[in-house]
Amino acid sequence: MTDAPTRIWNDLVVPAPGTYELDVAHQRIGFLAMHMMVSPVRGQFGTGSAVIHVAEDPLASTVAASIDAASIETAHPDRDAHLKSPDFLDVDVFPTIEFRSTGVEWNPAPDPIFSWAALKGRLPGRDVDTQRATAGSRTRFVLHGHLTIRGVTHPIALDAEFGGVGTDPYGRHLFGFSATADFEREKFGLLWNVALEAGGVLVAKTVRIELAGEAIRVDG
């Protein structure tokens, strides 16, 4: 394992191989669902953890995450209590939501703003290699895995964006990321709903996951 905090892979500046953990101070484990078919309701889980093993081949990296189901919050206590109940997450019986990755795909399309700037030579003071690495530094990946809710497991694919690497004021090496994915909640036993007189349902059947955060290297 290298001691260097970063390396170049396919013209990207990426983290060195090693073990990284989600920084609890810089994370959002969020979700979005439509209410009455007309307005989005956002919420989040306040407690969760993730371990990311960055491999020599970044596409062989793995992620394992666990979320405290009872830490769900939507800024509405009655709704939060309902979401924790057997109608939804049933947190007393199923205290955690789990994710285990099964593979990573790379989407090499670079951020168009950085690409345009690089092509126009608008990244002053940087050499060609640095410009090439910067131009794709917000490259997108697809993270495949298995999501478990209420003891039911289904495959899911997260559209992930690599946000870049850095070193915090304490000298710790880290990288940033964000990810989204849609899933059908009824497949996981989240069946509660109310039919609306005008058509549709009270709570949308599709839920969007919204993740963002930083992962800090813990093994070197």
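Bear in mind that the values here come from a model prediction, so they are computed numbers and not experimental data.

Examining the overall build of the protein chain
When its secondary structure is counted, the protein chain shows three helices and twelve strands. Going through the 220 residues of the protein chain one by one, you find that 40% of them count as buried. When contacts within the protein chain are restricted to residue pairs at least 6 apart in sequence, those whose partners lie at least 24 apart make up 63%. When the accessible area of the protein chain is evaluated, it comes to approximately 12,000 Å², of which 58% is carbon and sulfur surface.

What about unusual backbone geometry?
Positive phi, close to 50°, is recorded for Asn10, a residue that is not glycine. Structurally, Asn10 can be placed in the loop between β1 (6–9) and β2 (12–15). Phi at Arg150 is positive, roughly 55°, even though this residue is not glycine. Along the chain, the position of Arg150 falls in the loop between β9 (140–149) and β10 (152–167).

Quick notes on the nonpolar core
Phe45, Leu89, Ile97, Leu147, Ile149, Ile156 and Phe183 are the most contacted members of the largest nonpolar core, which has 41 residues in total. It is strand β3 (residues 18–35) that provides the largest number of residues to this core, a total of five residues. Sequence-distant contacts of Leu147, that is, excluding residues within four places in its chain, are made with Ile97, Glu98, Phe99, Val152, Thr153, His154, Ile156, Phe183, Phe188 and Ile209.

Side note on empty space enclosed by the protein
According to the stated counting rule, one finds one cavity of 30 Å³ or more in the structure shown. What the largest cavity holds in volume is close to 30 Å³. Lining the largest cavity, in full, are Pro5, Thr6, Pro15, Tyr20, Val165, Gly166, His173 and Leu174. Only β10 and β11 (173–184) provide two or more residues apiece to the lining of the largest cavity.

Observations concerning the pattern of salt bridges
Oppositely charged side chains may form a pair once their charged atoms are brought near each other. Within this structure, the stated rule accounts for eight salt bridges. Measuring nitrogen to oxygen at the nearest pair gives 3.0 Å for the salt bridge that ties Glu210 to Arg28. Highlighted residues: Glu210 in strand β12 (residues 206–217) and Arg28 in strand β3, separated in sequence by 182 residues. On the basis of relative accessible area, Glu210 is assigned to the buried category, the value being 13%. Residue classification places Arg28 among the partly exposed positions, given a relative accessible area of 26%. The residue Arg217 makes a salt bridge to Asp219 at a minimum N-O spacing of 2.9 Å. Overall, Arg217 belongs to the buried group, its relative accessible area being 7%. A residue is classified by how much of its surface remains accessible, and Asp219, at 33% relative accessible area, is partly exposed.

Observations concerning the packing of aromatic side chains
Throughout the structure, instances matching the rule amount to eight aromatic pairs. When the centroid spacing of 5.2 Å and the interplanar angle of 65° are considered together, the rings of Tyr20 and Phe175 count as edge-to-face. In this pair, Tyr20 is assigned in strand β3 and Phe175 in strand β11, connecting sequence segments 155 residues apart. Per residue, the accessibility class of Tyr20 equals that of Phe175, and both read buried.

Details of the pairing of strand β8 (residues 96–107)
Note on strand geometry: in a regular strand, side chains alternate between the two faces of the sheet. Note: strand β6 (residues 62–68) against β8, five bridges, orientation antiparallel. Within the sheet, the bridge partner assigned to Ser66 lies in β8 and is Glu98. By the bridge criterion, nine bridges tie β8 to β9 in an arrangement that is antiparallel. When the bridges of β9 are listed, Glu98 appears paired with Thr148.

Reading the values: rules and limits
- Along each chain, residues carry numbers from 1 onward, in the same order as the chain's sequence is written.
- Totals for whole chains, interfaces and linings use all residues, but because this is a predicted model, local features are given only for residues with pLDDT of at least 70 and pairs of side-chain atoms are given and counted only at 80 or more.
- Each side-chain value is derived from all of the structure's non-hydrogen atoms; neither hydrogens nor water enter the calculation.
- Secondary structure elements follow DSSP: runs of H or I no shorter than four residues count as helices, runs of E no shorter than two count as strands, and numbering proceeds from the N terminus.
- We call a residue buried when its accessible area falls under 20% of the maximum for its residue type, exposed when it is over 50%, and partly exposed in between, using a 1.4 Å probe and counting protein chains only.
- Contacts are residue-level and defined by heavy atoms, with any inter-residue pair within 4.5 Å sufficient.
- In these tables, accessible area is a Shrake-Rupley quantity obtained with a 1.4 Å probe, and a residue counts as shielded only by the protein chains included in the view.
- What is meant by a nonpolar core is a set of buried Ala, Val, Leu, Ile, Met, Phe, Trp, Tyr and Cys residues, joined one to another through side-chain atoms within 4.5 Å.
- The pocket and cavity definitions rest on a 1 Å grid over protein atoms only: a 1.4 Å probe that fits but cannot leave marks a cavity, an open set with protein on both sides within 12 Å along at least five of seven lines marks a pocket, and residues lining either have an atom within 4 Å of a point.
- Grid points are joined across faces, edges and corners, and a volume is the space filled by probe spheres set on the points.
- When a carboxyl oxygen of Asp or Glu lies within 4 Å of a side-chain nitrogen of Lys or Arg, that pair is called a salt bridge.
- Ring geometry is summarised as follows: Phe, Tyr and Trp rings, the Trp one being its six-membered ring, pair when their centres sit within 6.5 Å, and such pairs are stacked at plane angles under 30 degrees, edge-to-face over 60 and tilted between the two.
- Two strands form a pair only when DSSP identifies at least two bridges running between them.

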